[in-house]
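Below, each chain spelled out in residue letters.
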Amino acid sequence: MISEKTAARFARETAKYPADQKQSAVMACLAIIQAEAGFVSAESEQLVANYLGMPPIAVHEVTTFYNMYNQRPVGRYKLNVCTNLPCQLRGGSDALKYLESKLGVVMGQTTPDGCFTLQQSECLGACADAPVLLVNDLTMCSFMSHEKLDQLIDGLQIPEGNSHASSE
Amino acid sequence: MQVVNDHAAASVLAQFAATGVQSCFHGRHIEPQILAGLNGRNWRLADYEARGGYQALRKILGVSGSPGQSASSAGDLADVGGGGGAGITPDQVITEIKASGLRGRGGAGFPTGLKWSFMPRQFPGQKYLVCNSDEGEPGTCKDRDIMQYNPHSVIEGMAIAAYAMGISVAYNYIHGEIFATYLRFEEALEEARAAGLLGDRILGSGFSFHLYAAHGFGAYICGEETALLESLEGKKGQPRFKPPFPASFGLYGKPTTINNTETFAAVPWIIRNGGQAFLEVGKPNNGGTKIYSVSGDVESPGNYEVPLGTPFAKLLELAGGVRKGRTLKAVIPGGSSAPVLPASIMMECTMDYDSIAKAGSMLGSGAVIVMDDSRCMVESLKRLSYFYMHESCGQCTPCREGTGWLWRMVDRIHRGHGKQTDLDLLNSVADNIQGRTICALGDAAAMPVRAMIKHFRHEFEAMIPPAAASAATTIPASHQAVGSHVRSA
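Residues numbered from 1 in each chain as written. Chains lettered and ligands numbered in written order. Predicted model: local features only at pLDDT ≥ 70, side-chain atom pairs only at ≥ 80, totals over all residues. Heavy atoms only, no water.

S.K.: Let's hear about the pattern of salt bridges: which residues, and what values?
M.R.: Residue and element names in this part refer to chain B. Going through the model one piece at a time under the given rule, you end up with 40 salt bridges over all chains. The salt bridge partner of R121 is D91, with a shortest N-O separation of 2.6 Å. Taken as a pair, R121 in the loop between α6 (112-117) and β1 (128-133) and D91 in helix α5 (residues 90-100) lie far apart in primary sequence, 30 residues in all. Residue E225 pairs with K242 through a salt bridge whose shortest N-O separation is 3.1 Å. Here E225, found in helix α10 (residues 225-232), pairs with K242, found in the loop between α10 and β4 (256-260); they are 17 residues apart in sequence, far enough to count as distant. (Salt bridge = Lys/Arg side-chain N within 4 Å of Asp/Glu carboxyl O. Helix = DSSP H or I, 4+ residues; strand = E, 2+ residues; numbered from the N terminus.)

See the structure below:
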């Protein structure tokens, strides 16, 4: 079931397109699902398919084609570290290695406490601020020296009491 | 959004948000048009209008008046082009854009006025205008700053383009990774709608124009215009075969014009000041300013808006020179797909479409990736090759398979397992990709390989063991794992 609030957000997206082209909103609807639930499940693909009147497999094609959709649950914070050439020249790969050792995981993995998922990413489009990383598909963090990475990780780990981040 | 609702986390994250101080508000632009007068806080409609914003749109619509006082009632105004004042006809707008020498800022450098004239203006059905803000070419980060700090320049430019081509609906497709900028642009759209600058009968004229924002979600290929259209239709972003070109068969099969963000943002200045003035800022056939995203081994990476034709040496100086006083080794002058040029050639170039093309590369998106003398070119190429393999959409066999071959060969050279024949094989594979695919991603993957080997062959040879010592000759490259866990760099 899609909540009323989610349905309203979906409706805002479909309103951008001609009435017979609702499928155009699939990218946005899946991003909304992900922001609310953390990942895109097969069930939510089905919901989106029903809402937009498109075959579920066409929704699944979108989920699997685009890099940012999580096809399985991720940690509370998904960290995407850019290691493409412009970032690499300014320590992007070092930043990824540093996070691997600090978090005790290798890229692609989630910390045992479920707090962080660490991923390598392709160009985030913020090359002048390198090295950069993207948190939960939304917040771009700039000039991420080792010192700033420490501040980021330590800062996000603290609010233990808020671990049940309101996802509504 | 978990994070947004979590105040503690939000305040932590806020510390690391881009401020634009280093990338944009450094005061080292030359004759800026798009980035002039910005400070990060003055992105709103009122600020834009105070800078002369929307005057160009008012001018073409023949709607006089200053910010805040739109034309009185719609009824007493004639149809499009014949507004309250003299107005400017769509043909005149296109003529002005042609005269300006404006060329597409997204990479191809195609003359904008000419592209606009391809739109079948008399087409009876719906036509579309699309802004390509899917800025994913490694090294490029200018459209992000334009939309973040001067979003209304894009909106006004698109409205003018739509007027010139008789289009009533448009989309701005924005790179999913800069989601915060997408939200900023949405906010700017709301402002424009509320002020009557978008919607039905704009400013009381007969011109109606609806503009919406859409976002990608992580696919480099969607920067290719037909892949972008597929994505905008809610599909996998796999490029279409051309022809037919979007001007005849674009979004939803309707005539569509697609321009880059920076191209649209340049338009209001041209209408306000005239095409000739724009042309005079640059050089013949290369009108206006260009925003260069300078990244890599410079003291001050950032966006620098300078006239086309500015010497590369000057641009390097604006960016603080090579980092730590080191020596310049090489430059990729137009985004990662552009062939690399050695320092000696680059220092002789001026930054414009023709000069860079003559030197054997391309201005592309204007992303200037600087490398100093400490850099290993094999390692650099390895990272780029991994990128193209990762981002190949999989549609064309030469690209899908070939990009993997390229990466695996560069990778084994980098690990000291290269073979004497690998450099020829690399060139051969690149040859067999280039020009044999539906879109330009194949070319983009092949060109860096050929240029790196052409200019820095000795570095590759130095990493390849002598023939006798090369043992691993029988392991098929395809047996090596490829997947999300493969670390390329």
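S.K.: Before we move on, could you go through the packing of aromatic side chains and cite the residues and values that matter?
M.R.: The final tally for this structure, using the stated rule, is 21 aromatic pairs over all chains. Here F25 of chain B and Y149 of chain B contribute two aromatic rings whose centre-to-centre distance is 4.7 Å and whose plane-to-plane angle is 70°, an arrangement assigned as edge-to-face. A residue pair is termed long-range when its members are at least 10 positions apart, and F25 of chain B in the loop between α2 (7-14) and α3 (45-50) and Y149 of chain B in helix α7 (residues 142-149) qualify at 124 residues. We note that F25 of chain B, like Y149 of chain B, is buried. Ring geometry for Y220 of chain B versus Y388 of chain B: centroids 6.1 Å apart, planes at 70°, classification edge-to-face. With Y220 of chain B in the loop between β3 (210-215) and α10 and Y388 of chain B in helix α16 (residues 377-391), this pair connects stretches of sequence that are 168 residues apart. Accessibility classification places Y220 of chain B together with Y388 of chain B in one group, the buried group. These aromatic residues form a ring-pair network of at least three members: F65, Y66 and Y69 of chain A together with F179, Y182 and F217 of chain B. Over the ring of Y51 of chain A we find K22 of chain A, and its NZ or CZ is 5.9 Å from the ring centre. Over the face of the ring belonging to W43 of chain B we find R184 of chain B, whose NZ or CZ atom lies 4.0 Å from the ring centre. (Phe/Tyr/Trp six-rings, centres within 6.5 Å; stacked < 30°, edge-to-face > 60°. Buried < 20%, exposed > 50% of the residue type's maximum accessible area, 1.4 Å probe, protein only. Lys NZ or Arg CZ within 6 Å of the ring centre and 35° of its normal.)

S.K.: Describe the side chain of E191 of chain B, listing the residues and the values that go with them.
M.R.: Residues and elements named next belong to chain B. Structurally, E191 can be placed in helix α9 (residues 179-194). Of the residues examined, E191 reaches a relative accessible area of 18% and is grouped as buried. For E191, the residues in contact, after removing those within four places along its chain, are W43, R44, L45 and H152. (Contact = heavy atoms within 4.5 Å.)

S.K.: Report on the domain arrangement of chain A, specifying residues and quantitative values.
M.R.: Along its sequence, chain A is carved into domain 1 (4-65) and domain 2 (77-156). Using C-alpha coordinates to define each centre, domain 1 of chain A is positioned 28 Å away from domain 2 of chain A. (Domains from an automatic or database assignment.)

S.K.: So what about the nonpolar core? Which residues, and what values?
M.R.: Counting 149 residues, the largest nonpolar core has Y66 of chain A together with V93, W116, L129 and F209 of chain B as its most contacted members. Considering every element that reaches this core, the biggest residue donor is helix α8 (residues 151-165) of chain B, with 10 residues. When sequence neighbours within four positions are dropped, the list of residues in contact with V93 of chain B reads I60, I88, W116, I160, Y163, A164 and I271 of chain B. (Core = buried A, V, L, I, M, F, W, Y, C linked by side-chain atoms within 4.5 Å.)

S.K.: An account of the packing of helix α2 (residues 26-37) of chain A against helix α4 (residues 56-65) of chain A is needed here, citing residue identities and associated values.
M.R.: All names here are of chain A. Viewed as axis vectors pointing N to C, α2 and α4 meet at an angle of 70°, and their least axial separation amounts to 10 Å. Considering the angle they form, α2 stands roughly perpendicular to α4. Here the hand of the crossing between α2 and α4 comes out right-handed. Residues V26, M27 and L30 of α2 pack against V59, V62 and T63 of α4. For the contact of α2 with α4, the residue count by class is five nonpolar, one polar and no charged. (Axes fitted to C-alpha atoms, helices over the stretch in contact; angles between N-to-C directions. Parallel < 35°, antiparallel > 145°, perpendicular 65-115°, else oblique. Left-handed = near helix turned anticlockwise from the far one by under 90°. Nonpolar A, V, L, I, M, F, W, Y, C, P; charged D, E, K, R; others polar.)

S.K.: Pulling in residues and values, what's your account of the interface of chain A and chain B?
M.R.: For interface size, the figure often reported is the accessible area lost on association. With 69 residues of chain A in contact, the opposing surface of chain B contributes 83 residues. Here chain A and chain B share an interface that buries about 6,100 Å² over both sides, 58% of which is from carbon and sulfur atoms. Linking chain A to chain B there are six salt bridges. Across the salt bridge formed by R12 of chain A and E190 of chain B, the nearest N and O atoms sit 3.7 Å from each other. The interface formed by chain A and chain B includes 23 residue pairs in polar contact (both at pLDDT 80 or more). It is α2 of chain A that provides the largest number of residues to the side of chain A that touches chain B, a total of six residues. For the side of chain A that touches chain B, a count of residues per class yields 35 nonpolar, 20 polar and 14 charged. (Buried area = accessible area lost by both parts, 1.4 Å probe. Polar contact = N/O pair within 3.5 Å; in protein donor to acceptor, adjacent residues only side chain to side chain.)

S.K.: Please give an account of the pairing of strand β2 (residues 116-121) of chain A that cites residues and values.
M.R.: Residues and elements named next belong to chain A. Most of β2 sits out of view: five of its six residues are buried. Two elements, strand β1 (residues 77-82) and β2, share six bridges in a ladder whose sense is parallel. The partner of K78 across the bridge, within β2, is T117. (Pairing = 2+ DSSP bridges.)

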